[in-house]
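A closer look at the structure
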Amino acid sequence: MSELKKVATEKAPAAIGPYSQAIICGDMVFTSGQIAIDPAVGNIVAKDIAGQTEQVMKNLCAVLAEAGTSMEHAIKTTCFLADIADFSAFNEIYGKYFTSKPARSCVAAKALPKGALVEVEVIAKIG
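The following paragraphs examine the structure supplied in this document. (Residues numbered from 1 in each chain as written. Predicted model: local features only at pLDDT ≥ 70, side-chain atom pairs only at ≥ 80, totals over all residues. Heavy atoms only, no water.)

1. Points about the environment of S20
As a reminder of what qualifies: Put simply, DSSP marks the helices as runs of H or I at least four residues long and the strands as runs of E at least two long, and each gets a number from the N terminus on.
One can find S20 in the loop between β1 (4–7) and β2 (22–25). For the pair formed by S20 and F30, sequence separation is ten residues and the distance between their alpha carbons is 9.8 Å.

2. A closer look at the pairing of strand β7 (residues 103–108)
The condition that has to hold: A pair of strands counts as paired when DSSP detects no fewer than two bridges linking them. Orient the strands so they point away from the viewer; a crossover is then right-handed if the path from the first strand over the helix to the second runs clockwise.
Of the pairings in the sheet, the one linking strand β6 (residues 74–81) to β7 comprises six bridges and is parallel in character. Looking across to β7, one finds that T77 is bridged to R104. Tracing the backbone out of β6, into helix α2 (residues 87–97) and back to the parallel element β7 gives a crossover that is right-handed.

3. Some points on the sheet that holds strand β3 (residues 28–31)
Applied cut-off: Between N-to-C directions, angles cover 0 to 180 degrees, with each direction set by a line fitted to C-alpha atoms, over the stretch in contact for helices.
Across the sheet, which stays open at both edges, the six strands sit in the order β1-β2-β3-β8-β6-β7 with mixed pairing between neighbours. If you trace the sheet from one side to the other, it starts and ends with β1 and β7, each paired once. When the angles between neighbouring strand axes are averaged without regard to direction, this sheet yields 15 degrees. Note that β2 and β3 share four bridges and pair antiparallel.

See below:
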């Protein structure tokens, strides 16, 4: 069995609970869900879905970079929206970052932590 390695970077929000920003297992990285917390201030700053999605993507880029990979190596994403009516606006921003078009699930959630509008987690290959 591969050794598990925790990923931590100050360029993304610290975990707000008993979990890691990501875990590396072999040549795969599994991120925790990222919400739109701006790591510079420790809170959600953006109020709309576009701004929050941009921050989520920046956070994911930072976590993946710390793990030694990038969005281009994403295999699967799971996306949670507080309001499915935001799907089109979310998709527009998402598509700018995930140009390799990984497999994806996208669902509406009744509520997300800290009142976030969007949360995204990624499984990616390292290298």
